Number of protein chains: 2
Amino acid sequence: MSLDDRRAEIITSAAELFDRMGYSNTTMDDIGRTVGIAKPTLYHYFSGKDQILASIHEEFIDLLLEKNERRQQAGLAPEQRLLEVMVDIMELMETHRGHVRVFFEHHRELPEADQPAMRDKRDRYEAAVAHAIKQGTADGTFRDTDPRLAALALFGMCNWAYQWYQASGPLRPREIAYQFWDIFVRGIAAHPRGQTAG
Amino acid sequence: MSLDDRRAEIITSAAELFDRMGYSNTTMDDIGRTVGIAKPTLYHYFSGKDQILASIHEEFIDLLLEKNERRQQAGLAPEQRLLEVMVDIMELMETHRGHVRVFFEHHRELPEADQPAMRDKRDRYEAAVAHAIKQGTADGTFRDTDPRLAALALFGMCNWAYQWYQASGPLRPREIAYQFWDIFVRGIAAHPRGQTAG
């Protein structure tokens, strides 16, 4: 197993432990035991629990940013871009279960040194969504709203799912995202939309 | 100061401490010191930290349920009831800052014995909102949606504000609630609505 693979494995296991047991209640011992490596080896990869926390955050937001930036080059319409963002977030509820709670509930525990870069990335992602809304208003698709507030409404709908989403539920992440998107884009539409779901 | 007043004071101070320092990092000592009472006296009111946590939860959800139930007798239209729910939640971001994070992030730490009653109250509140949506569909105001999913979208928009709402921001809770409501009810409207904001 390469160094990078091992690092990734530690991050994933730690995210699951933090999610299940709580960040404060999880020790480096617990993490080492779960991954099956001795504590000195664990410290070879990460100088402490907060470094693992920082890596979970970075992995999570980088994933969202990359998906979004790759898409920007595809020239999708604003409406379509919003749907893809909502799908991305909802799918993380399933693929990165452990990361999600940690990302939302433990950003204040990040090492001081990592906070500005992380805030910067979060802001960048939020701004990309607000920008898509602004573009949609400019091209006449959306009515005139406060784009930041509308973006926060969109994030709220999707992010909040970490509180209730269950992989065993009847709807897949993409289906939920689609229904939320349908509410959202009708909600900010400049002109009434045809019945697309229901 | 009456017993009840003292209890209320402990709950409020503890909620603020939990919010600022994290639930796991706050001790009964910290709480006693902040309220200005000795630890034995504190234990006279609460058998432990998790009992205070339970009281914070109870106070929070009871407040929402009471406001909502009082309103049900007023015979408001479903649309109007949804607005009032959204206002209630947004206003708690300002009036019960400390309670909010604790309520959303620490329900898993509640004493086992308190969990069923608390889950019951949360479910009751969620069901009341889903019911208003269902009624709106029945009376032709709203289109046919999955009422539970639509309720979760509404809660997401509002509840998520605990992550970003700042009392020093330009908009008051009621103004934010109104803009979110406008997105939401247009989003589930059966017929296009006139431009009411923007």
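Look up a bit, the structure's there.
Worth saying up front: this structure is predicted, and the values here are computed from it rather than measured.

Trainee: How should I be thinking about the state of the cysteines in this particular structure?
Mentor: Put plainly, a disulfide is one covalent bond tying together the sulfur atoms of two cysteines. Going through the model one piece at a time under the given rule, you end up with 0 disulfides over all chains. No disulfide involves Cys158(A); its sulfur sits 15 Å from that of Cys158(B), the nearest cysteine. The buried category is assigned to Cys158(B), whose relative accessible area is 0%.

Trainee: Where do I start with the packing of helix α4 (residues 49-72) of chain B against helix α7 (residues 115-138) of chain B in this structure?
Mentor: Two measures define how a pair of helices packs: the angle their axes make with one another and the distance between the axes. Residue and element names in this part refer to chain B. In the contact formed by α4 and α7, the axes pass within 10 Å of each other and the chain directions differ by 30°. Taken as axis vectors, α4 and α7 run roughly parallel relative to one another. Where α4 crosses over α7, the handedness of that crossing is left-handed. Contacts between α4 and α7 pair Ala54, His57, Glu58, Ile61, Asp62, Leu64, Leu65, Asn68, Glu69 and Gln72 from the former with Met118, Lys121, Arg122, Arg124, Tyr125 and Ala128 from the latter. In terms of residue class, the contact of α4 with α7 is made up of 7 nonpolar, 3 polar and 6 charged.

Trainee: For this particular structure, what's the right way to read the relation of the copies chain B and chain A?
Mentor: Related by rotation about an axis and a shift along that axis, the two copies of the chain form a pair. Of the transformation placing chain B onto chain A, the axial shift is 0.0 Å and the rotation is 180°, giving an RMSD of 0.0 Å. Both chain copies can therefore be described as sitting about a two-fold axis. If distances are taken from each C-alpha of chain B to the rotation axis, the shortest is found for Gly187(B), at 1.9 Å. When you check the interface residues of chain B against chain A, 100% turn up at the interface there too, and the contact is symmetric in its surfaces.

Trainee: Would you take a moment to explain helix α1 (residues 3-21) of chain B for this structure?
Mentor: Every α-helix winds through 3.6 residues per turn, so residues three or four apart in the chain are directed the same way. All names here are of chain B. Along its 19 residues, α1 runs 27 Å from first to last C-alpha, staying within 8% of the 27 Å computed at 1.5 Å per residue. Of all the positions in α1, only Ile10, Ile11, Ser13, Ala14, Ala15, Leu17, Phe18 and Asp19 are classed as buried. For α1, the elements touching its buried residues are α2 (28-35), α3 (39-45), α4 and α6 (97-105). Directly after α1, the chain includes Gly22, whose backbone phi takes a positive value near 90°.

Calculation rules
- Residues numbered from 1 in each chain as written.
- Chains lettered and ligands numbered in written order.
- Predicted model: local features only at pLDDT ≥ 70, side-chain atom pairs only at ≥ 80, totals over all residues.
- Heavy atoms only, no water.
- Disulfide = S-S within 2.5 Å.
- Buried < 20%, exposed > 50% of the residue type's maximum accessible area, 1.4 Å probe, protein only.
- Axes fitted to C-alpha atoms, helices over the stretch in contact; angles between N-to-C directions.
- Helix = DSSP H or I, 4+ residues; strand = E, 2+ residues; numbered from the N terminus.
- Parallel < 35°, antiparallel > 145°, perpendicular 65-115°, else oblique.
- Left-handed = near helix turned anticlockwise from the far one by under 90°.
- Contact = heavy atoms within 4.5 Å.
- Nonpolar A, V, L, I, M, F, W, Y, C, P; charged D, E, K, R; others polar.
- Least-squares fit on C-alpha atoms with pLDDT ≥ 70 in both.
- Expected span 1.5 Å × (residues − 1).

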